[in-house]
Amino acid sequence: FTMGGGFMGGGDDDARDQPRMSPPDVEPRFSVGDRVECYVARGPDGWAPGTVVSHWFRAPDWPPGKYAPYQIKLDDSENLIF
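A brief report on the enclosed structure follows. (Residues numbered from 1 in each chain as written. Predicted model: local features only at pLDDT ≥ 70, side-chain atom pairs only at ≥ 80, totals over all residues. Heavy atoms only, no water.)

Let us look at the pattern of salt bridges. Applying the stated criterion across every chain, the model contains 1 salt bridge. R35 is the partner of D75 in a salt bridge, and the nearest nitrogen-oxygen pair spans 2.6 Å. With a gap of 40 residues between them, D75 in the loop between β3 (68-74) and β4 (80-81) and R35 in strand β1 (residues 35-39) connect regions that are remote in the sequence. Owing to a relative accessible area of 42%, D75 belongs among the partly exposed residues under this scheme. (Salt bridge = Lys/Arg side-chain N within 4 Å of Asp/Glu carboxyl O. Helix = DSSP H or I, 4+ residues; strand = E, 2+ residues; numbered from the N terminus. Buried < 20%, exposed > 50% of the residue type's maximum accessible area, 1.4 Å probe, protein only.)

Moving on, we come to the sheet that holds β3. Pairing between the strands of a sheet comes from backbone hydrogen bonds, and it takes one of two forms, parallel or antiparallel. An order of β1-β2-β3-β4 is seen for the 4 strands of this open sheet, with the pairing classed as antiparallel. A single partner strand is all that each edge strand has here, and the edge strands are β1 and β4. As paired elements, β1 and strand β2 (residues 47-57) share 5 bridges and run antiparallel to each other. The residue of β2 that forms the bridge with V36 is G50. (Pairing = 2+ DSSP bridges.)

Time to look at the nonpolar core. Ranked by size, the top nonpolar core spans 7 residues in total: V36, C38, A48, V52, Y70, I72 and L74. Elements with a contribution of two residues or more to this core: β1, β2 and β3. Per element, the largest residue contribution to this core is 3 residues, and it comes from β3. (Core = buried A, V, L, I, M, F, W, Y, C linked by side-chain atoms within 4.5 Å.)

With that out of the way, let us pick up unusual backbone geometry. One non-glycine residue, W56, lies in the positive phi region at around 55 degrees. With respect to the helices and strands, the residue W56 is situated in strand β2. The class of W56 is buried, set by a relative accessible area of 16%.

Right, here's the structure in full:
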């Protein structure tokens, strides 16, 4: 899977256009510790195995309300992706 856009949204009609300041109240499909395959590039070799290390990742410089549902540690790298 790829983690591109963040989760935005509101509750009632008055807050519909306001970004959420906290992660969505949604249970992620994959749990922390689950093994996953991540789409990292185009083509037949574009998938990489990894492990979910956290939910609702948020970089400090992202706009309010933007979250990535997963942060992943790829098997072949020390870097974390989202």
